[in-house]
Amino acid sequence: MRTPFTVRLLRSTPKSGWLAIAVFAAITLIGVPLAHLALPESSPLHLSAYTVGLLGKILCYMVVAVAMDLIWGYAGILSLGHGLFFALGGYAFGMYLMRQIGRDGSYGAELPDFMVFLDWKELPWYWAGSDSFLWALFLVVALPGVVAFVFGWFAFRSRIKGVYFSIITQALTYAAMLLFFRNETGFGGNNGFTDFKRILGHDITSPEMRVTLFALSAALLIACLVLGRYLVSSRFGRVLAAIRDAESRVMFIGYNPLHYKLFMWTLSAMLCGLAGALYVPQVGIINPSEMSPANSIEIAVWVAVGGRGTLIGAVLGAGIVNLAKSFFTVTVPEYWPFFLGFLFIAVTLYLPDGVVGLWRKLRARRALAAAPDAAESSVAGSSSAAEKADAGPANVTVPKGATA
Amino acid sequence: MNRRNFVKALTLSASIAAIGLPVGAHAADTIKVGILHSLSGTMAISETALKNVALMTIEEINAKGGVMGKKLEPVVVDPASNWPLFAEKARQLVAQDKVAAVFGCWTSVSRKSVNPVFKELNGLLFYPVQYEGEELEKNVFYTGAAPNQQAIPAVEYLMSEEGGAAKRFVLLGTDYVYPRTTNKILRAFLKSKGVADADIMEDYTPFGHSDYQTIIANIKKFAAAGKKTAVISTINGDSNVPFYKELGNAGLKATDVPVVAFSVGEEELRGVDTKPLVGHLAAWNYFMSLKNPENAAFVKKYRDWAKKNGVPNADTVVTNDPMEATYVGIYMWKQAVEKAKSTDTDKVIAALGGQTVKAPSGFTLTMDKTNHHLHKPVYIGEVRGDGQFDVVWKTKEPIRAQPWSPFIPGNESKQGI
Amino acid sequence: MFRLTLMKRIFGVALLLTLLVAPARAALDPSLLAGFAGDFQGRMAAIEALGVAGGDDARRVLDALEAGRLGVVAGRAVIVDGDTVRDAASGEALDQGAGDIELVTLNNRVRRTLANARAALALTSADRAERLSAAITLGDNPNETLLPVFDRALAAETDEEIRGIVARAAARIKLASPDPLTRLRAVRALGESSDPAVKNLLEGLLQKRDGNWVEPHPEVRTAAKLAIDDIEGRIAIAESVGTVFSGLSLGSILLLAALGLAITYGVMGVINMAHGELLMVGAYATFLVQGLFRSYLPAYLDWYVAAAIPVAFLSAALVGVAMERLVLRHLYGRPLESLLATWGLSLVLIQAARVIFGPQNLELANPSWMSGGVELAAGVVLPYNRIVIIGFAVFVLVLIWLMMQKTRLGMFVRAVTQNRPMAGCVGVPTARVDTLAFAIGCGVAGLGGLALSQIANVGPAMGTGYIVDAFMVVVLGGVGQLAGAVWAALGLGIVSKFLEGWAGAVIAKILVLVFIIVFIQKRPQGIFALKGRFADS
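Residues numbered from 1 in each chain as written. Chains lettered and ligands numbered in written order. Predicted model: local features only at pLDDT ≥ 70, side-chain atom pairs only at ≥ 80, totals over all residues. Heavy atoms only, no water.

Asks: Mind showing me how you'd approach the interface of chain C and chain B here?
Replies: Often the size quoted for an interface is simply the accessible area lost on bringing the parts together. Listed by partner, the interface residues are 56 residues for chain C and 50 residues for chain B. Across the chain C to chain B interface the summed buried area is about 4,200 Å²; carbon plus sulfur atoms make up 46%. A salt bridge links B:Glu161 to C:Arg109, with the shortest nitrogen-to-oxygen separation between them at 3.3 Å. Our count for the contact surface shared by chain C and chain B stands at 20 residue pairs in polar contact (both at pLDDT 80 or more). (Contact = heavy atoms within 4.5 Å. Buried area = accessible area lost by both parts, 1.4 Å probe. Salt bridge = Lys/Arg side-chain N within 4 Å of Asp/Glu carboxyl O. Polar contact = N/O pair within 3.5 Å; in protein donor to acceptor, adjacent residues only side chain to side chain.)

Have a look at this one:
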């Protein structure tokens, strides 16, 4: 007798978590749109288009970070190629956006501008259907999904793990970047897609469209968090964590790790694709540099800064790093790489569980100081949880040269 | 996971989201101008110098009393060679900081990234780098060269008897839009001059390519066919150093196969030992070695500024074409603001057409009345042993830009905004 | 007919006939030099006139022009000799500051005239090297006015190599001779060549123009066919050697970039994302050594590269020790976290270089013994700098191998690589071994940077271009395996170069990456996996 799905879903996140999600949803889905659309510019609470755009971009990054945390934090697979899935989603939706420009491009042709001046006479076959919004939505999910599935199936079947897996994901995204840089590939080369005009016939620069995209990003983030919580607290998630901690033992019990890893890997890639699709219209450009290995490493950095294996940590990490980047690139433009660099070093050295780990430690200490007796049990609970979180790599003592 | 943490964390992230970034304070007695050049990442190598020259020019204008009695206040941001960040920073400059004009961008993709922002917010961008054309935006002023102000004169020179009467051409570039488009225009141009397809070799390398052995060998093979061969290089940025080093060591001399480059100037040659490269060519609208009073003053001003501001290796800093274009652009804008008596974008745009500036290139440059490009002189320079250029050919007067190349079909009717 | 009408104008027949017999005079007629004050046309005329005049003084002026020391003051040609200024015609010192002299500039056309005039003068030099380079210069662009010069040189020349070059240059001209026998001899002589230009020339003989053979005599045509086959064979061999060489060269560079990483990853399991920046440190150290030599030991500037070897090694090793002590030490057992920390380190190091040295590329000149190259055949040159780097890679490899196999430290390093806890149990000071091994790995990266500085650009972000490739080499070879890294680097280098010749640089790079991905599927632990029970834990 199984618990109904809805009940399991509700139980996966604690009541206070649902409350927080409700607050977050209220702010992002009602508060921000109102602050941008209804309040006059003179109001101190008015949110400018710049702020909405910036926050919308960061929301997309947060989704990517959550997707990364699902695969790295809970399945122990570090991907250095998640930027590829993000960019594929972006390109899939970008194709639709390019078609929506119609004849408003600078050449007034049916074809996108870059094709006109490169002498293309008709759309290449893989652009077929790109003028349909539904097909674009399908591609946004399917394209990264299929790439991830095929790649993952071969990689996990060959039992490629640890650093080997990380490096070949890096090779994958690097190869894709070079491929997309070529003008002949048919995606605009280095300039990529830009100068979008409209979505479903609506002006892309209108404030309404801006808050719609923002709200969709927020909704996607909420959906990812709920889904993520549900998955990792389910039986599936527990098996996955077991694979992360001791894959061989899980195999000996009779599970096939391939299916578990592959499912999470593909899901993670699809979520990245969705984030990419929402990202492109908000920042107004997609180009192959999104696939550069450095970008993918940065995604891992967000998760590490926030604290991996916590989901909320990924959200926080993406937010902190990107806000810091936006802040420092204005205030001390020549020195921001120092700040970011030292931030990463400090976090890994002193905050092995990221910001969330620090938060827990502080709370535990305060609770201990406030009510020594009552807090004891909760401290024990949280510290053992923390131990569990980083038990995987630390507790298995093996020759370093032979394992990751 | 502890549930209360989850709540707090979520509220925290939501409140961060709600607050957003603080808006900078305004001072009424200054005019803000934005400087949008990458100071980190791959493009920092080229763009840092443009930021420096822009700051120098602004200081100079302020020292002479500013614009309409107000001092200029530069707002420097770092888009970090990241194209979406360019759009974000442009929006910040125009919408948050309310700058009157932005001087910035280097790569085509960064310009393409910010164009929609300037259009939407009706801002003003001055773009100082030579580019592939095929674009004309109301809100952008292009102070660098269009293809007909750089590429085509250079090829005409190579085909002339003076330039070596080349009959066979290698079009070599980094694989992105500027080289592809330029080479497309050049191919059409060469065809119109009767050069057969068999006498044109086109080759591209990835960004940051550092191994030019195979390509140099191919060029040698191509050049051995008997006809006089020349290489037209649109190789970008860091790849130039390994390319020229290989060229020098492989014994491909300028007297046999001259290489004319469109992206190699004084700044790029600082990283190369130029002694084996003497005689190879570059085409620009300005060279540091030009002899005229404006240029002497310009070079001295920049040297002094670099020393005063602690720029690394200040005693060996050089000036180059995009730096001159930045300098000219800022003065054009200043004059237009003074003519319009306002920093309002539309009024300034209207006032910019027909502005003239006596430029370090030795000519009085005019902003075209309709197409937002400068009329520029073209110089062909030969590399010297000390990393500078000797001018071997120049146009008699500045030429008008053709942003829409007549060598690309369908462009005949479009020349103005 | 040789498309050399231009050259004909440049070289009057008189010029060449007289320049060998012209008597040396004490001073030149100043009117000969008047052209230098004019435009390029005038300069060319002046060079020709000097060629006609011949003699040591003319040579002196042409040499000064080549060196960029010939100037003009008030219409008078002068030679700048350090701080003194001499009249070009008489050689007398003038009361004139060197500051305000406008130096005579050249363009390629003038430079070619100059090169040929100087070569024609040098073909009778007493110095063999001078004659050889003169012969090569003239042989690249022979024209019929040079024929008497060649004949004279052939009569006097005793050196076989120079004779061959001059004879082939003469034969190229003689192909146009009206006498079939001369043409036949010329074709046979050209069969010895390996120059594609000569091949094209001979192929021209085998074509029909207006229904008639360009070469009317059938025997000459047959000889030409044979000669073409010979040349083609030689070119094909030279080209394959060239491709293999460029593959080896690329492989040696990949190896130098990856060797340090193979050591540090092997011993400590630390993914060092800042490895590329250690290459940068090594290259910058080389730059500083070059600067010191320029300031203090300009006479020995050619040897700055050798002096930079220990400096590059030590500076990168010191940075490595600092990294290990301050950061990585605290991250053992957490390889993925160390990846992030080193990524942060790499950001810091890049920006530090940018702030200290400026964002632009730094100029590192090849020493003279690393400039130029050996010419296998026309078109196939093996540059000396690449040959030296291949040798250097072998040298570093042997050194590392000796260190690993023959020293106590090497034994400890191997022990820690294979089984850290067990090594610790039997008394190996693992912490110290870690520091030392990391320092050595970083030092080797510094040496890689030194090598890179001789062929590629030196700038703050130079390391990022190599880090991905270095990782590919280490992973492909099998982590912790020096032999694996060697095979992987050479294999990748040669495969890349063959693919590049076939599909272009962009596609070649993509194919190599795809190949690595597929290869890892087949051999998940690299070429040389550790065997036995360590392999899967």
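There is more to say after this.
Asks: Looking at this structure, I do not really get a nonpolar patch on the surface. What am I missing?
Replies: A contiguous nonpolar patch, built from C:Leu292, C:Tyr296, C:Leu297, C:Tyr300, C:Trp303, C:Trp369 and C:Val388 and spanning about 760 Å² of accessible area, is present on the exposed surface. Position of C:Tyr300 among the secondary structure elements: in the loop between helix H12 (275-296) and helix H13 (304-326). (Patch = residues over 30% accessible without salt bridge, like charges linked within 9 Å, V, L, I, M, F, W, Y side chains within 5 Å. Areas by Shrake-Rupley, 256 points an atom, 1.4 Å probe, with all protein chains shown as cover. Helix = DSSP H or I, 4+ residues; strand = E, 2+ residues; numbered from the N terminus.)

Asks: Quick question: what am I supposed to make of the environment of C:Ile387 here?
Replies: All names here are of chain C. Here Ile387 lies in helix H15 (residues 384-406). In this structure, the C-alpha to C-alpha distance between Ile387 and Ala37, residues 350 residues apart in sequence, is 44 Å. Those residues within four positions of Ile387 in sequence are excluded, and the remaining contacts are Phe245, Val374 and Leu382.

Asks: Explain the domain arrangement of chain B here, please?
Replies: All names here are of chain B. Structurally, chain B comprises domain 1 (26-146 + 291-377) and domain 2 (151-261). For domain 1 versus domain 2, the distance between C-alpha centres works out to 31 Å. Summed over both sides, the interface between domain 1 and domain 2 buries roughly 520 Å², with carbon and sulfur atoms accounting for 62% of that surface. In terms of surface lost to domain 2, no three residues of domain 1 exceed Ile45, Gln130 and Glu132, which account for 59% of the buried area on that side. Counting across the domain 1 and domain 2 interface gives 0 salt bridges. Taken together, the links from domain 1 to domain 2 amount to 1 residue pair in polar contact (both at pLDDT 80 or more). Grouping the amino acids of the side of domain 1 that touches domain 2 by side-chain chemistry returns 2 nonpolar, 2 polar and 2 charged. (Domains from an automatic or database assignment. Nonpolar A, V, L, I, M, F, W, Y, C, P; charged D, E, K, R; others polar.)

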